[in-house]
Amino acid sequence: MRCDSTRFFAAFLLTPLTAFLAAPAVAAPNASRVAAQVDRLLGEEVYSGSTQLAPVCDDETFVRRVWLDIVGDLPTPEHVTAFLLDTHPEKRARLVSDLLESAQYGQNWARYWRDVILYRRIEDRAVLVSNPLVVKLTEQLNTGAGWDEIASGFITATGDVREDGATAIFMAQDGQTEEATAEVSRVFLGIQIQCAQCHDHPWDRWQREQFHELAAFFPRVGVRPLQTPTRRSYQVVVNDRPEFRNRGNSNNANRRGSPEHYMPNLDNPDKPGKKTRPRFFLTGAELSFGTPDADRRGRLAEWLTDTPWFATAMVNRMWSELVGEGFYEPIDDLGPDREPTAPQAVERLSEAFADSGYDVKWLFRTICATEAYQRESRPRRGPEETPMTANVPQRLRGDQLFNALLTALGIDEAATRGFADRNASGYRGQATPRLIFNAAFGYDPSVQRETVSASIPQALAMMNTPRINYAVSSNRRSMLGRLLSSVREDSLVVDELYLRCLSREPTGDERAHALAYVESVGKRNEAFEDYLWALLNSAEFVHRK
Amino acid sequence: MLQHQINVTTHRGSVFQRRDFLRNVGAAAAAGGLLSWTDRISLASSELKRRHKACILLWMAGGPSQFETFSPKPGHANGGDTKAISTSVPGIQIADRLPEVAKVMGDVAIIRSMTSKEGSHPRASYYMHHGYLPMGGVKFPTLGSNVAHQIGDASSELPSFVRVGGRGQNAGNAGFLGVDHDPLVLQSASRPPQNTRPMTGADRYRRRLGLLDSMQGEFARSGGADVVADHRKLVEASSEMILSPRMETFDIKREPSSVRSAYGEGGFADGCLLARRLVEAGVTFVEVTSGGWDTHQDNGERTQANCDQIDRPMAALIRDLKSRGLLDDTLVVWMGEFGRTPKINGRGGRDHYPRAFNVALAGCGVRGGQVIGKTDAAGAKVIERPVSPKDLYRSIYTALGIDPDHENTSLIGRPIKLVDEGSAVDELFG
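Parameters at a glance
- Residues numbered from 1 in each chain as written.
- Chains lettered and ligands numbered in written order.
- Predicted model: local features only at pLDDT ≥ 70, side-chain atom pairs only at ≥ 80, totals over all residues.
- Helix = DSSP H or I, 4+ residues; strand = E, 2+ residues; numbered from the N terminus.
- Buried ≥ 20, exposed ≤ 12 C-beta atoms within 10 Å, placed from the backbone.
- Contact = placed C-beta atoms within 7 Å.
- Axes fitted to C-alpha atoms, helices over the stretch in contact; angles between N-to-C directions.
- Parallel < 35°, antiparallel > 145°, perpendicular 65-115°, else oblique.
- Nonpolar A, V, L, I, M, F, W, Y, C, P; charged D, E, K, R; others polar.
- Pairing = 2+ DSSP bridges.

Caption draft 1: How the structure looks around the overall build of chain B. When its secondary structure is counted, chain B shows 12 helices and 16 strands. Across the 430 residues of chain B, 53% fall into the buried class. Counted over contacts in chain B with a minimum sequence separation of 6, partners at least 24 positions apart contribute 71%.

Spelled out as structure tokens, the structure:
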């Protein structure tokens, strides 16, 4: 935390006066008003008179959706019931606001960003930064730090990766200048400028030189091992020593940091390449050779978080997670040469997000208030169908699924040993059941969702993991065992199991089907064990609709 | 009449149609009275053979250096310190880092003239896995999924397509062919799939599966139709597999120690051995990944380490397939997303180079002991018989008895050929 405040003030001092003058003096734009504007623009830009929009979803669907989306967990039967009985006209907005104030919100989304950054790691040892990243980002998100402040933290981080999770991008990219540059651009601007790393693209405006000018903000950053008798870690270091001689294009190959960046000479790799000045491709703002690292990264953080693409990248990503489809697809490939669905809608939402002071909670409140978000789900549309006419069922991320299992089965996370295969590859040395589970069920959140398919090993883990099966059995300590011994009436047990697993009551047919099954099996406990097993293994359980 | 029947059969992939083939041949013979008993037997056996065709893709993730593998350039500055060694085939030399592969050269064909324009990992890896570049809106199936779809045995309890190890970029999945043809991905060959033992007796397990199947209608009706359908198939495939006695195929520890030691040690060796076990048990496509080929620095040392990992297993795989009579029907393909720059950079590394790179093939009708194509003395450009990724894809499908012009229908009803351009490299088979 100490480092944070120093860095914050450093950024403060570097911020030009004009930024303060331009800063909005008014409060954040009204979330529901912006939501209505976005819906209206979608209507103008995307839908036509014949578009069949899905109706707004019912309260049961909404409560499960918004719980999974914001806090990454299932509502308990009590939460569902209370929400359904609430008669307040603004109860949906109120639920969203309440969830954003719960500590699980920050944790859920910190884990999401951990996956965004660490699925692209180039060395597995980068998982050292996993937990520190979640801890730090959880706190920032929960206390309402602006997205610009959070991004600046990542861009300017230094120090022990086990102490400061903001070092995650450098650690994940192993301190390699070009790789870290590409990730900063992808994650925070949604611009894949690294495609220009090796050659100019005929179809893209960014030139090879512009990529290397961006890389020139980062050459002095390195990642070094940090070893004491009691501790092994890595640290993000800064090397501000002057350049005594032309060192050529070693480009920080030893990860110690080098004074300047050189654009490699592709025809003549033995040549030193071209010494390249830091210059920001979106605005043309530049720094001179010899600028110290703190200024390079500090200024870049400032310039980058001030561009419209910074706001748009976040808006697009969050919209895609919540509504099921981004304005730009893939969600991290934006830029002036890409054609978004509904350009005015995404622009309006991005402007308003910037005006809110990059308030991430504001963005959630606004998107969750749109009709686009609140519609019923439909299967993912084909390319020829109208976009955003419905929400889309989303497969739960590893952490969400883990939480859902714990909540549905009434298990405390402290008692989760054996939930996942201990030998599974994944986060070595940090093999908590959650992390192992996430390694088995997680996916890179930046890839297009329809290309993420569930796998046979995942299905087998849900069906046959001993610990899950034990939790499904009706022993004295289990949720089901307690339920069966305290509730005699079978139809109430059925209702409770549906509420616990799917956050809704069974339909009449479903209830009758369940009761008929119990009857056919003859043994009450065995039949309900089967039923609970089947509910947990259903497609509905592993999706949010 | 007969010709027509054969065409119908070779041009359509589904197992159902292939199963009907024998009956159709019988009917054709009865109707036309044209076929002798011997004709029918020989037709039947060639048909059976095709059914058992398989492919093992040895994927070198990161882009393997051609100079340190199949195109050494000793005596030129670009060649680095890699030497050329003779192989079992007079006149063919490969890098000294692959001494075991050199011994099975008689079964291997090298293409030294692969050429493409894709020099970034994600795009090139996609291209070399799909035969297409990524295109918005079309979910192309990856090679293994297409092959599994075309000639996989849908009645087998084992999956038709297994992918072993590695976090390769953009290796793809079944795309518009659907989850039926997705790969079973194993993190490591030394550990069989986990959680394969039901926690209840088989009868009760089946009862549970039946229950699960019967209660998914509500979600399917409320917006989840597609995910429910996919989920059903997945549960079905998973359960079939684990209830099958053939699960033991996944356990390489069942191999005699002499066989295990022939393959050597390491993840890639285990992967090659598992691939042979799977192919022997009827799996159609196995992809085994070896990582670490993106040698921007210390190319010499790192390719040596990588070659140490792959040399012995790859040679053992070819020998083993051959001694079991499987090589005639199993295509082994060695490749990565691109090659590496002729010039060694300031960090002792080689960078991405798609203009001239190598692929090696063996088995399934490929005539071994030959080199196709040539680069100039500097290894910078192809000067003889350029082969594009599309040409290679046509060759792979052809070797497997699959019509490269076969058209699938994408999700939006657009016809998509397995390969849309190029022509097969005929010399491979001549």
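Caption draft 2: Here's a closer look at the overall build of chain A. A tally of regular secondary structure across chain A gives 25 helices and seven strands. Across the 545 residues in chain A, those meeting the buried criterion constitute 50%. Contacts in chain A between residues far apart in sequence, at least 24 positions, make up 67% of those at least 6 positions apart.

Caption draft 3: Up close: helix α16 (residues 360-369) of chain A. Counting buried positions over the 10 residues of α16 of chain A gives 10, a clear majority of the element. Among the residues of α16 of chain A, Val 360, Lys 361, Trp 362, Leu 363, Phe 364, Arg 365, Thr 366, Ile 367, Cys 368 and Ala 369 of chain A are the ones counted as buried.

Caption draft 4: View of the packing of helix α20 (residues 456-464) of chain A against helix α8 (residues 217-242) of chain B. Where α20 of chain A meets α8 of chain B, the axes come as close as 9 Å, and the angle between the chain directions of the two elements is 80°. On the basis of the axis angle, α20 of chain A is roughly perpendicular to α8 of chain B. Taken together, the residues of α8 of chain B that come into contact with α20 of chain A (itself represented by Ile 456, Ala 459 and Leu 460 of chain A) are Leu 234, Val 235, Ala 237, Ser 238, Met 241 and Ile 242 of chain B. Class assignment of the residues belonging to the contact of α20 of chain A with α8 of chain B gives a composition of eight nonpolar, one polar and no charged.

Caption draft 5: Quick peek at helix α6 (residues 143-151) of chain B. Along α6 of chain B, nine of the nine residues are buried, which leaves the element largely enclosed by surrounding structure. Restricting attention to buried positions, one finds in α6 of chain B the residues Leu 143, Gly 144, Ser 145, Asn 146, Val 147, Ala 148, His 149, Gln 150 and Ile 151 of chain B.

Caption draft 6: Seen up close, the pairing of strand β4 (residues 108-114) of chain B. All names here are of chain B. The buried count for β4 comes to seven of seven residues, which makes it a mostly enclosed element. Here β4 runs beside strand β11 (residues 357-362); their pairing, made up of five bridges, is antiparallel. Each bridged residue has a counterpart across the sheet, and for Ala 109 the counterpart in β11 is Leu 361. Relative to strand β12 (residues 370-372), β4 runs parallel, the two being bridged by three bridges. Each residue of the ladder has a partner; that of Ile 110, found in β12, is Val 371.

Caption draft 7: Spatial organisation of the sheet that holds strand β5 (residues 161-164) of chain B. All names here are of chain B. Here we have eight strands laid out as an open sheet, ordered β6-β5-β7-β1-β8-β11-β4-β12, and mixed in their pairing. With one partner strand each, in any of the chains shown, β6 (184-186) and β12 form the two edges of the open sheet. Sheet twist, expressed as the average angle between the axes of neighbouring strands with direction ignored, equals 15°.

Caption draft 8: Molecular detail of the sheet that holds strand β2 (residues 221-228) of chain A. All names here are of chain A. Ordered in space as β1-β3-β2, the three strands form an open sheet in which the pairing is antiparallel. Whereas interior strands pair on both sides, the edge strands pair on one side only; in this sheet they are β1 (159-160) and β2. Summarising the sheet, β1 and strand β3 (residues 231-238) pair through two bridges and their orientation is antiparallel. Note on β3: the bridge partner recorded for Gly 159 is Val 236.

Caption draft 9: Fine view of unusual backbone geometry. Here the amide bond leading from Glu 329 of chain A into Pro 330 of chain A is cis, since omega sits at -10°, within 30 degrees of zero. As for its position among the elements, Pro 330 of chain A is in the loop between α14 (308-323) and α15 (343-355). The backbone of Met 388 of chain A sits at a positive phi, close to 55°, despite the residue not being glycine. Structurally, Met 388 of chain A is set in the loop between α17 (371-374) and β6 (394-395). A positive phi is found at Cys 364 of chain B, a non-glycine position, where the angle reads about 60°.

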